[in-house]
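Structure assessment
Spelled out from the first residue to the last, the chains are:
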Amino acid sequence: MGAAQIDRYIELGGYDAAKKCLAQGPDWIITEMKASNLRGRGGAGFPTGLKWSFVPKQNPKPKYVLVNGDESEPGTCKDHLIFLHDPHAVIEGTIIAGLAIGAKVGFIYLRGEYRYLLEIMEKAVADAYAKGFLGKNIFGSDTEFQVITQSGAGAYEVGEESALMESLEGKRGIPRIKPPFPAVVGLYGGPTVINNAETIATVPHVIEMGAAAYAATGSERNGGTRLFCLSGHVERPGVYELPMGYNLKKMIYEVGGGIRGGRTLKAVVPGGSSTPVLLPSEIENLGMDYDQVGKAGSMLGSGGVVVIDDQTCIVEFALRTISFYQHESCGWCIPCREGTDWLKKSLTRFHAGFGVAKDIDNIQYLAENMMGRTFCPLGDAAAMPTLGFVKKFRKEFEDHLNGKPCPFAKHVEMAVI
Amino acid sequence: MSPETMTLFSPALAARFDALVQKYPLKRSALVPMLLYAQDEVGYLSDAVIAEVAERIGITQLDVRDVASYYSMLRFKPAGKFNVQVCTNISCMLRGGYDVYERFQEELGIGHKGVTPDGIFSLEEVECIGVCCWAPAIQVNYDFHDELSAEHVPGIIAGYRGKAHAEAGVPDDGSSSPRWKPLVEGTGLNA
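Basis of the calculations
Starting from 1, residues in each chain are numbered consecutively following that chain's sequence as written. As they are written, the chains are lettered A onward and the ligands numbered 1 onward, keeping that order. Local features in this predicted model are restricted to residues whose pLDDT is 70 or higher, and side-chain atom pairs enter the listing and the counts only when it is 80 or higher, whereas totals over whole chains, interfaces and linings include all residues. Secondary structure follows DSSP: runs of H or I at least 4 residues long count as helices, runs of E at least 2 residues long count as strands, and numbering of each begins at the N terminus. Three exposure classes are used, based on other C-beta atoms lying within 10 Å of a residue's own C-beta, which is placed from the backbone: buried for 20 or more, exposed for 12 or fewer, and partly exposed in between. Two residues form a contact once the distance between their C-beta atoms, set from the backbone, is within 7 Å. Note on residue classes: Ala, Val, Leu, Ile, Met, Phe, Trp, Tyr, Cys and Pro are nonpolar, Asp, Glu, Lys and Arg are charged, and everything else, Gly too, is polar. A pair of strands is labelled paired if DSSP reports no fewer than 2 bridges between them. All axes here are fitted lines through C-alpha atoms, helices being fitted over the stretch that makes contact, and every angle between N-to-C directions spans 0 to 180 degrees. As used throughout, a nonpolar core is a set of buried Ala, Val, Leu, Ile, Met, Phe, Trp, Tyr and Cys residues joined through C-beta atoms within 7 Å of each other. Note on convention: the crossing is left-handed when the near helix lies turned anticlockwise from the far helix by less than a right angle, right-handed when the turn is clockwise. The start and end points of each domain follow an automatic or database-based domain assignment.

A few words on the overall build of chain B. For chain B, the helix and strand inventory stands at 7 helices and 4 strands. Listing every helix and strand of chain B by position from the N terminus yields α-α-α-α-β-α-α-β-β-β-α. Counting every position in chain B, which comprises 191 residues, the buried fraction comes to 41%. Relative to all contacts within chain B whose residues are 6 or more apart in sequence, the contacts with residues 24 or more apart total 62%.

In structure tokens:
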């Protein structure tokens, strides 16, 4: 019987952290969270305690907690396992976040494809209600906290916090202009804390271990452990929980068992498809935390480590990455809608062998002009990896010029011009 | 005609919708899940489904269409009884996602968003479905199949075809290939 069953979860010490938080009060919770150095696991790495402290204490409108389980970043499948094996940690974390900011309602939003996980979550929520951990009087106190589960219906863009709120309000998932930030004006106009499902599932452990012990597990300014989703050309792909700051080379060669079929490493995408690619020379002494990966010119992102071997065409990989962002762009703002579309067209033509030398610079120019000019981070998410591919693998792009067939490709699509 | 007296959904789903619209601080929050659940039962978002959902929430049909057209899982045309969604995004691509997708195309004789003539299968190339570490993966309706290769494809198809035939009461000996009764367009009801 796994921890997805409420009795087993309680046996393992589950919901003790929530009871402790109920006794200690909001200021204590936020101080603990700040001291733990826990940073958001969704991708941006914003300190969780700080985020919670931004919510105004007194507010005429109700406050909300929103758990982002719209996991859609290619290369990321960690929340999938959390919902499958540890749904009560998500609920307990939501309660704690609610206590910290003074919210009475928490929403847990799962992507539409995760139907069987939604059913697991719904059962867990019903069990927690039955035990009196949720409802009008949680744990026998006079504090109220409700949890509502919600299903999406297929949209990457909804993973962006303001688009998520729009979707939850029954609208198209188009991001809102910021400021005001969700901590001030969020869901239904009330102050809202939005956290990734992994962040929320980590919260009970932070309280249980104590902030100092949790912070000590990780590296400097990056507390604790995180789930790394190792995929692509490794011998043993999988989701691994490792301390923050864990060496990337060790992760690939020791944890992941090295490159599949004894081939050599060509490149690594360190944090989901939106993060710039890293070369083998760049991962030698690279610790996987937000600061070190940032210094190396990429991002830790959502922890999706995609390993690419020497038999892979980087142009094809770039094309597939961009095709995704072109498909998922909501079309609201022009730099993203047009930029992703033109990038896809250019890369398709290029990969098919109809590119001209100027295209390489054009691709770079397009991507550079998208950076920082879009409504939400989706535009950057498309531009950043593109710039990485073009800058670090320019030679491979040049090899595709003048009608030369792609040296690796099996799936050359005809260019749409 | 109020939804209480006339509904095109099953009694269980209608009851679920009654509860769903009460669940949120705003009724409209029920819209996205409602459309998905309605589609699961009816097969697609027909005019009748859209009309009833709009009435239940108290918004216009145009509002419903506007929202529904945004989400990639929602469709306005019937799909096959089993909708095969093959992920070809990066993690799946690196481990042979396209081989799996091409094999499905060959075996089923249809392409992206196509439906087989017997109505049992439809095929879709989809973006990341969150099974990257067990790639390549597919989703058939809501069921995941992972760690696949092209060789697994005929077995998966046979399994689902058998299920469809068993449900329709057809002997699965290959002697007959009856047309699976598809959804009739326009009514939103099972014919």
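Each partner contributes to the interface: chain B provides 35 residues, whereas chain A provides 48 residues. Listing elements by their share of the side of chain B that touches chain A, those giving two or more residues are helix H2 (31-42), helix H4 (61-68) and helix H5 (90-94) of chain B. Top contributing element to the side of chain B that touches chain A by residue count: H2(B), with 5 residues. Residue classes in the side of chain B that touches chain A are distributed as 25 nonpolar, 6 polar and 4 charged.

A few words now on the sheet that holds strand E2 (residues 105-110) of chain A. Residues and elements named next belong to chain A. Strand order in the open sheet formed by 4 strands is E3-E2-E1-E4, with parallel pairing between adjacent strands. Two strands lie at the open edges of the sheet, namely strand E3 (146-151) and strand E4 (192-196), each paired on one side alone. Direction aside, neighbouring strands of the sheet carry axes that sit 20° apart on average. The pairing of strand E1 (residues 64-69) with E2 spans 6 bridges and is parallel. Within E2, the position partnered with Val65 by the bridge is Gly106.

Ranked by internal contacts, the top residues of the largest apolar core, which has 173 residues, are Leu66(A), Val90(A), Ile96(A), Val268(A) and Leu35(B). The biggest single contributor to this core is helix H6 (residues 87-101) of chain A, with 9 residues.

Here the focus is the pairing of strand E1 (residues 82-87) of chain B. All names here are of chain B. For E1, the tally of buried residues reaches 6 of 6 residues, placing the bulk of the element in the interior. Of the two faces of E1, the one carrying Phe82, Val84 and Val86 and the one carrying Asn83, Gln85 and Cys87 are both buried. The pairing of E1 with strand E2 (residues 121-126) spans 6 bridges and is parallel. Bridge pairing links Val84 to Leu123 in E2. Sheet topology places E1 next to strand E3 (residues 138-140); 3 bridges connect them, and they run antiparallel.

Attention now goes to the sheet that holds E2(B). Strands pair in a sheet through their backbones, by hydrogen bonds, and they do so in one of two ways: parallel or antiparallel. Residues and elements named next belong to chain B. Reading across from one edge, E2-E1-E3-E4 is the order of the 4 strands in this open sheet, with mixed pairing throughout. At either end of the open sheet lies a strand with only one pairing partner, and these are E2 and strand E4 (143-145). Recorded for the sheet is a direction-independent mean angle of 20° between the axes of neighbouring strands. The pairing of E3 with E4 spans 3 bridges and is classified as antiparallel. Bridge pairing in E4 places Ile138 opposite His145. Where helix H6 (residues 97-108) meets the sheet, it contacts E1, E2 and E3, and its direction lies at approximately 150° from that of E1.

What follows concerns the packing of H2(B) against helix H3 (residues 47-57) of chain B. Residues and elements named next belong to chain B. Between H2 and H3, whose axes approach to 11 Å, the crossing angle comes to 145°. Judged by the twist between their axes, the crossing of H2 over H3 is right-handed. Note on element contacts: H3 touches H2 through Val49, Val53 and Ile57, opposite Leu31, Met34, Leu35, Ala38 and Val42. In the contact of H2 with H3, the residues fall into 8 nonpolar, no polar and no charged.

Next up on the list: the pairing of E4(A). The two faces of a sheet get side chains in turn, since along a regular strand they alternate between them. With 5 of its 5 residues buried, E4(A) lies for the most part within the structure. Where burial is concerned, the two faces of E4(A) agree: the one with Thr192(A), Ile194(A) and Asn196(A) and the one with Val193(A) and Asn195(A) are both buried.

Turning our eyes to something else, we now look at the domain arrangement of chain B. Assigned domains within chain B: domain 1 (11-68) and domain 2 (82-168). Between the C-alpha centres of domain 1 of chain B and domain 2 of chain B there is a distance of 28 Å.

Attention now goes to the domain arrangement of chain A. Residue and element names in this part refer to chain A. Split by domain assignment, chain A resolves into domain 1 (6-217), domain 2 (225-309) and domain 3 (314-399). Here the C-alpha centre of domain 3 lies 34 Å away from the C-alpha centre of domain 1. Each partner contributes residues to the interface: domain 1 has 9 residues there, and domain 3 has 8 residues. Split into classes, the residues belonging to the side of domain 1 that touches domain 3 amount to 6 nonpolar, 1 polar and 2 charged.

All right, on to the environment of Gly96(B) then. All names here are of chain B. By the element assignment, Gly96 lies in the loop between H5 and H6. Each C-alpha atom of the pair Gly96 and Ala51 lies 42 Å from the other, and the pair is 45 residues apart in sequence. The contact partners of Gly96, leaving out residues within four places of it in the chain, are Pro136 and Ser149.

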